[in-house]
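# Survey of secondary and tertiary structure
These are the residues of each chain, in order.
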Amino acid sequence: MPPSNLSSLTPDTFILTGIPGMEQLHVWISIPFCSMYVAALLGNGVLLLTIWRERGLHQPMYLFLAMLAVADLTLSTTAVPKMLALFWFRAREISFSACLTQMFFLHFTTMAESKILLAMAFDRFVAICFPLRYGAALTLSAVAKTGLAALLRSSCVIFPCVFPLRRLPFCGHTVIAHTYCEHMGVARLACADIANVWYGLAVPFSVGLLDLALIAVSYGFILLALSRLPSRPARRKALHTCGSHLCVLLLFHAPAVSSALTQRFGRSIPPELHILLANLYVLLPPLLNPVVYGVRTRQIRDRVLKVFVRPRSRLPRR
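All of the points below concern the structure found in this document. Everything numeric in this text was worked out from a predicted model, so none of it was measured.

## Overview of the overall build of the chain
For the chain, the helix and strand inventory stands at 13 helices and 3 strands. Going through the 318 residues of the chain one by one, you find that 46% of them count as buried. Within the chain, counting contacts between residues at least 6 apart in sequence, those at least 24 apart form 80% of the total.

Next comes the structure, spelled out in structure tokens:
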């Protein structure tokens with residue numbers, strides 16, 4: 001087909017349906033979703049402000065945590081405001097360019113967050129297995145380069161996945177059965193070049209599996225090092241420092257893998273269940289990650305109290 005005919009089959013807008021079969025419940029569903037989004041904004045905002053204001057937290061572990069908070073805010077803010085507009089005002093239309101932009105930032109942030117979690121695992125590996133080399137290996141420059149590498153790798157993986165969709169014909173198929181634009185939902189509407197769909201499955205999934213494998217290797221060495229510690233309290237303390245990261249790993253990968261597998265292979269799973277899982281994926285990790293680190297990490301908990309509670313207690317009483 002000539003390029004001019006292909007471009008004529010590219011829609012100006014897509015239609016987001018929300019959650020099929022549950023349209024009458026959209027307003028009620030929006031209440032917990034909005035509450036979770038606001039709580040995620042507040043939690044990650046407090047975490048970022050605390051790390052920024054407290055020089056004692058300008059260490060690799062907490063700087064990686066700040067990167068994770070920025071990624072969480074980007075992930076939820078990319079999807080949730082449009083989702084709430086759809087639920088509240090029935091704003092179902094989204095332009096083709098806006099759809100691709102939303103899709104890019106969703107998958108880009110997911111890839112970046114996976115890299116940050118890998119960097120956090122490496123941080124724990126060096127801290128426990130090579131504590132005397134920690135300061136030399138994880139300098140502020142190394143942390144900055146790791147953040148830059150996460151951005152570059154995510155761009156290299158997601159650009160070839162998302163932007164070729166601009167050249168695909170859609171043959172009048174413009175209805176996306178979802179609350180936001182994601183790659184598989186849009187690519188399946190195209191009436192040509194199914195290879196783009198498989199690229200969207202194979203490459204990001206392979207990169208995520210590679211990160212998980214490297215994290216597993218890091219924790220294998222960590223457990224080996226802990227088994228050699230003679231003191232049980234020392235082993236318990238070292239495991240406690242890894243507990244928060246393991247909880248965040250579970251919160252990030254479990255919904256992501258469940259959502260990806262149900263959409264690609266779960267033909268018998270009701271579509272509304274898949275969409276609810278996909279919505280929770282952009283809400284639960286940003287909501288719970290600050291809580292996990294705030295509750296389990298004493299340094300963060302104490303600094304949050306110092307920044308937000310103790311200044312008020314010093315105010316003179318009238």
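Next, the rest of the story.
## Brief notes about the pairing of strand β1 (residues 13-16)
Inspection of the sheet shows β1 paired to strand β2 (residues 93-95) by 3 bridges, in the antiparallel sense. Residue pairing in the sheet places F14 in a bridge with I94 of β2.

## What to know about the packing of helix α2 (residues 26-53) against helix α3 (residues 60-89)
At a minimum axis separation of 9 Å, α2 and α3 run at an interaxial angle of 155 degrees. Comparing the axis directions of α2 and α3 gives the class roughly antiparallel. Of the two possible hands of crossing, α2 and α3 adopt the one that is left-handed. Of the residues assigned to the contact of α2 with α3, the class counts are 23 nonpolar, 5 polar and 1 charged.

## Topic: the nonpolar core
Of all hydrophobic cores here, the largest spans 82 residues; its most connected members are F14, L65, M120, F170, I176, V186 and V282. Per-element accounting of this core gives the leading share, 17 residues, to helix α4 (residues 96-129).

## Considering the environment of M103
By secondary structure assignment, the location of M103 is in helix α4. For M103, a relative accessible area of 0% gives the class buried. In the structure, M103 is positioned 79 residues away from E182 in sequence and 5.0 Å away in space, judged by C-alpha atoms. Excluding anything up to four places from it in sequence, M103 contacts V162, L165, C181, E182, H183 and V186.

Reading guide: rules and limits
Along every chain, residues carry numbers that run from 1 in the direction the sequence is written. Thresholds applied to this predicted model are a pLDDT of at least 70 for local features of residues and 80 or more for the giving and counting of side-chain atom pairs; totals over whole chains, interfaces and linings are not thresholded and use all residues. Side-chain figures throughout are based on the complete set of non-hydrogen atoms in the structure, without hydrogens or water. Under the DSSP-based scheme used, a helix requires at least four consecutive residues in state H or I and a strand at least two consecutive residues in state E, with every element numbered from the N terminus. Burial classification: accessible surface area is computed with a 1.4 Å probe over protein chains only, and a residue below 20% of its type maximum counts as buried, one above 50% as exposed, and the rest as partly exposed. A contact between two residues is defined here by any heavy atoms of the two lying within 4.5 Å. Any two strands between which DSSP finds at least two bridges are classified as paired. Inter-axis angles, ranging from 0 to 180 degrees, are taken between N-to-C directions of lines fitted to C-alpha atoms, where helices are fitted over the stretch in contact. Angle categories: roughly parallel below 35 degrees, roughly antiparallel above 145, roughly perpendicular from 65 to 115, and oblique for all the rest. For a crossing to be left-handed, the near helix must be turned anticlockwise from the far one by less than a right angle; the clockwise case is right-handed. Only Asp, Glu, Lys and Arg are considered charged, only Ala, Val, Leu, Ile, Met, Phe, Trp, Tyr, Cys and Pro nonpolar, and every remaining residue, Gly among them, polar. Definition used in this section: a nonpolar core is a set of buried Ala, Val, Leu, Ile, Met, Phe, Trp, Tyr and Cys residues joined via side-chain atoms within 4.5 Å.

Functional significance is not addressed by these values, which are geometric in nature.
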